[in-house]
Amino acid sequence: MTILGIDLGTTNSACSVWHEGKAVLIPNQLNAFLTPSVVGLDERGEILIGEVAKHRLISHPGKTVSVFKRYMGTDFSVDLGKRRFTATELSALVLRSLKEDAETYLGEPITRAVISVPAYFNDAQRKATKLAGEFAGLNIERLINEPTAAAMVYGLHERHNAGQYLILDLGGGTFDVSLVEYFDSVIEVHASSGDNRLGGEDFLQVLADYYFETTGVAKKSLSPIELQRLYELLEAAKCKISSEREVVIDRAVKAQNHPFTITRDEFDRIVQPLLHRVQLPIERTLRDAGITPHDIDEVVLVGGATRMFAFRSLITRMFRRLPACNIDPDLVVSMGAGIQAGLKEKHADLDDVVLTDVCPYTLGVEILNDGDSSGKQGGLFLPIIERNSVVPISVERSLCTVRDYQTNLNVNVYQGESRLVKNNVFLGKLSVTVPRARAGAETIKVRYSYDMNGLLEVDVEVNSTGKTYHATIVNAPGDLSEKEIKKSKAKLAQLKFHPREQAENRAIVARAEHLYECALGEQRDYVSSALSQFERVMERQNPLEIKKAASQLNQILNTLESDSLFT
Amino acid sequence: MSYWQTLGIDKTIDLAAIKRAYASKLKITRPDEDPEGFQHLHAAYKQAVQNAKYNARPDQFAESADEALSLNPKATDDEQDAATVLMQPYSEVSHIMDGLPIAPSYHGEAEVDAYQRELIEIADADRAENSIFLQCQWLELTSRIDEATCDMATMNTLASWDFLNGRDALLDLQFKSEISHYIFGRIADLINAVRPFLKREVFDFLDSLFLWRDRRDLLEKEFGHATVDAVMLSIPAIRKGHFRWRYLRRVLTTVLKLILFGYITILLSKNFSISVLFSIVLIYSIWVLISERLRR
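Residues numbered from 1 in each chain as written. Chains lettered and ligands numbered in written order. Predicted model: local features only at pLDDT ≥ 70, side-chain atom pairs only at ≥ 80, totals over all residues. Heavy atoms only, no water.

Examining the overall build of chain A
Across its full length, chain A holds 14 helices and 27 strands. Computed over the C-alpha atoms, the radius of gyration of chain A is 26 Å, within 12% of the 24 Å expected from 2.2 N^0.38 for a compact globule of 567 residues. On the principal axes, the C-alpha backbone points of chain A span a range of 85 × 55 × 50 Å. Evaluated residue by residue, chain A yields a buried proportion of 58% over its 567 residues. (Helix = DSSP H or I, 4+ residues; strand = E, 2+ residues; numbered from the N terminus. Rg over C-alpha atoms; globule rule 2.2 N^0.38 Å. Buried < 20%, exposed > 50% of the residue type's maximum accessible area, 1.4 Å probe, protein only.)

Brief notes about the nonpolar core
By size, the foremost hydrophobic cluster in this structure holds 51 residues, and its most contacted members are Leu168(A), Ile282(A) and Phe319(A). Ranked by the residues each element gives to this core, the list is headed by helix H5 (residues 200-215) of chain A, at 7 residues. Apart from the residues within four sequence positions on either side, Ile282(A) is in contact with Leu166(A), Leu168(A), Phe175(A), Val177(A), Ile315(A), Met318(A), Phe319(A) and Leu173(B). (Core = buried A, V, L, I, M, F, W, Y, C linked by side-chain atoms within 4.5 Å. Contact = heavy atoms within 4.5 Å.)

Regarding the pairing of strand S1 (residues 3-8) of chain A
Along any regular strand the residues' side chains alternate between the sheet's two faces. All names here are of chain A. Counting buried positions over the 6 residues of S1 gives 6, a clear majority of the element. Direction of pairing for S1 relative to strand S10 (residues 112-117): parallel, over a ladder of 5 bridges. If you follow Asp7 over to S10, its bridge partner there is Ser116. Of the pairings in the sheet, the one linking S1 to strand S2 (residues 12-19) comprises 4 bridges and is antiparallel in character. Paired with Ile6 across the strands is Cys15, a residue of S2. (Pairing = 2+ DSSP bridges.)

A few points about the environment of Arg142(A)
Mapped onto the secondary structure, Arg142(A) falls in strand S11 (residues 139-145). C-alpha separation for the pair Arg142(A) and Met318(A), spaced 176 residues apart in sequence, amounts to 34 Å. Leave out the neighbours within four places in its chain, and Arg142(A) touches Ala113(A), Val114(A), Ile115(A), Gln340(A), Lys344(A), Met452(A), Asn453(A) and Asp32(B). A polar contact of 3.3 Å, which involves the side chain of Arg142(A), links it to the side chain of Asn453(A). (Polar contact = N/O pair within 3.5 Å; in protein donor to acceptor, adjacent residues only side chain to side chain.)

Some words on helix H2 (residues 87-106) of chain A
In an α-helix, one full turn covers 3.6 residues, which means residues spaced three or four apart are oriented alike. Residues and elements named next belong to chain A. Counted at 1.5 Å a residue, the expected span for H2 with its 20 residues is 28 Å, and the 28 Å between its end C-alpha atoms agrees. Taking burial as the measure, the 20 residues of H2 include 15 buried ones, the bulk of the element. Within two residues after H2, Gly107 carries a phi angle of roughly 70°, on the positive side. (Expected span 1.5 Å × (residues − 1).)

As for the sheet that holds strand S26 (residues 456-462) of chain A
Residues and elements named next belong to chain A. Sheet architecture is open: 4 strands sit in the order S22-S25-S26-S27, paired in antiparallel fashion. Because the sheet does not close on itself, it has two edges, and the strands there are strand S22 (393-400) and strand S27 (468-470). Put simply, the sheet's adjacent strands are angled 15° from each other on average, direction ignored. In this structure, S22 lies alongside strand S25 (residues 443-450), joined through 8 bridges in antiparallel fashion. What sits directly across from Cys400, in S25, is Thr443. (Axes fitted to C-alpha atoms, helices over the stretch in contact; angles between N-to-C directions.)

Details of the sheet that holds strand S18 (residues 354-359) of chain A
Residue and element names in this part refer to chain A. One open sheet accounts for 6 strands, arranged S17-S12-S13-S14-S18-S21; its pairing is mixed. If you trace the sheet from one side to the other, it starts and ends with strand S17 (298-302) and strand S21 (389-391), each paired once. For this sheet, the mean inter-axis angle between neighbouring strands, taken without regard to orientation, is 30°. When strand S12 (residues 163-170) meets S17, the two strands line up parallel, connected through 5 bridges. Each residue of the ladder has a partner; that of Leu166, found in S17, is Val299. Those strands touched by helix H4 (residues 146-157) are S12, strand S13 (175-183), strand S14 (186-195), S17 and S18, and its axis lies near 35° from that of S13.

Details of the pattern of salt bridges
Residue and element names in this part refer to chain A. Inspection of the entire model under this criterion finds 26 salt bridges over all chains. Between Lys238 and Glu235 there is a salt bridge, and its shortest N-O distance comes to 3.7 Å. With a gap of 3 residues between them, Lys238 and Glu235 both fall in helix H6 (residues 224-240), about one helical turn apart. Classification of Lys238 as buried rests on a relative accessible area of 6%. For Arg438, the salt bridge goes to Asp404, with nearest N and O atoms at 2.9 Å. Here Asp404 lies in the loop between S22 and strand S23 (408-415) and Arg438 lies in the loop between strand S24 (425-433) and S25, a separation of 34 residues in the sequence. Take Arg438: its relative accessible area is 51%, and that puts it in the exposed class. For Asp404, a relative accessible area of 39% corresponds to the partly exposed category. (Salt bridge = Lys/Arg side-chain N within 4 Å of Asp/Glu carboxyl O.)

Remarks on the packing of aromatic side chains
In the structure shown here, the tally under the stated rule is 19 aromatic pairs over all chains. Aromatic pair Tyr211(A) and Phe260(A): ring centres 4.9 Å apart, planes at 75°, arrangement edge-to-face. In this pair, Tyr211(A) is assigned in helix H5 and Phe260(A) in strand S16 (residues 260-263), connecting sequence segments 49 residues apart. Judged by centre distance (6.3 Å) and plane angle (25°), the rings of Trp161(B) and Phe163(B) are stacked. Taking relative accessible area as the criterion, Trp161(B) reaches 0% and is therefore assigned buried. (Phe/Tyr/Trp six-rings, centres within 6.5 Å; stacked < 30°, edge-to-face > 60°.)

Dropping the structure here:
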């Protein structure tokens, strides 16, 4: 049975399988490798995913959602038509679409998958990703860290180059840094660090803020449609500024009176705070691994946002060399996930490949803070698993009671690097009962086990009674009960998807509608008449005729788009 | 069992041999199949590597001393090779990448080239001018650091460190760490010589730039534990809010006590019988309430 390797990204998703000694990317119904992580609802209440939904971001902003990966592992939910969806459920819809693409392409049912997650994703975010897979009817065999996945692709395809590589993965919403070493088919991650809230979308937001500031357009005065269109133009400008010295946007919205010009230097200046945040995890990783920039053989770029000139020139300056980016930064992670899937299948051609990874953050427990009489500091953080420990790992620490005759002991699980728990991420708690005794007389053993998926299990044993407690972490933010999980599954099962045969035609219609929104005057009428003609053909339901009409409409749209309709 | 036995080799300082042994053992002790065996093997490997590095130090030390003299040690020999590689950045690797999606860029071919060329220029400039640009920067920065650390007052003025802001040279990781050590050394010297005192805002500024607190171990390696401690301890603790609050609380409770006692005396002087009992109960309950409130 084939295992599917999936890159579930903030902006785009992709999937691949291990086939005949290499990772093979799987095209979606529109014959593209990248499926935008966008979910929408059409007029008939049917679910749309990918390119079609992305086009409808402009025309139907209230019925389309994007960038939901940022909310994984939180309670955040969004209205789509009459239903409310959490980020986990939306991700499940994208996964389901990828799964169906793979099933069509491979001609067999898929039930198992490997999903990549940002290395710096915390426990709650990882659990949410795993749950999304279950919702989509996939058994998640492994969660693999994105930079590690990328490292595998570079490692396996450049096998002869033993050495140390620094992987920088700047995606749509997250930034990861991993130091990886290759030798004798061993891929060893030495250290990882990152920033969970730093990605291409933040650069776009900074540019948007700058736009509102210089043009004097009030963000609140714009309609959702105008706002969506503006962001699309700004996104295009963000990409363009990397190859051009200056980009001009004339009149994106009615309220804008003068053309908006941004030069490369200005862009570099406004993204400076973000670039500063890029430097910190890099320095931390080098420091943790105890190496200098000289020791690194190559700096490898992964993730679409690394195409930005501002980012690349910063990296070039930091390391005094050109970073490598030989494989498409948008697809490399999904290929790595495909390799991991091949490893899981125990393919003979991957027999001697071994991958070792680390835990990128410190995991610990809250303990009493004696020196804190005012209660302002809160509890202290006692590390149990130190960051960059090689995984899987299991560590045990003993704790004791602090008050006379206490019968209850709370084990509060935290993740982070601060001495005070209030600055760290709360993962959940475990409550155990202990016999009444003097303070310090009762002890418990707390065992943290961190597995290859980056998921944490906590075991507690009360020494005097021998009673054990296992992993019943509750109260974690975004955690769901069994009942809620069932409810979610039932809700997702009810949803209707678009019939796959029509996907291509729908994509064309969506694209035409999108063009209609952006066009003005004559062009608008032209698009409109071409579209109605196509719809008439579609109603006649003659496949051959539809195919012909579709390619005609596509040509029309291509010419229109290349007429620099999108500035 | 010693870690050499775990690795299945004799004691050695040959890193390549250690890695080979680890790799071959790793293939029969996979992390996902035998977690405990893997942890054991990995710990042995780490120790062996550490041992090898430690024992190999004398020769490396001489080398690194040479390196320290020039800012860009490898520049002379490698420069030529590096430059040729840079001119044709990806042509050599492209055949290995057969069948792989080669990185497309946003726009057409010509623009890709322009983009790439510009990056190469930056890399080249950094290499070629390295000795010149970075050495000039080094001279300028060190002389300004000397100025800033000429006496306690100047050092403790935030404005005298302004020149560190927005320096391109500080993007270079190697250069940055050297400058970081230079500044720390100057400050340590000054603090040892004069009355120890380093203003918190100055320290915070430098810390945000060089992450001193975070990389204390690196500083300790360079300057020794005592010096780093001396500098860190010379930063006065922030006067925390709760110290004052605690003082205020004590004053408040005393005042409340006085008022209550006054009230009792007045009651006592007027009517001696029931009101005494009543007021004692009342006062006691109020007292309990207040003290409970304040303790929180």
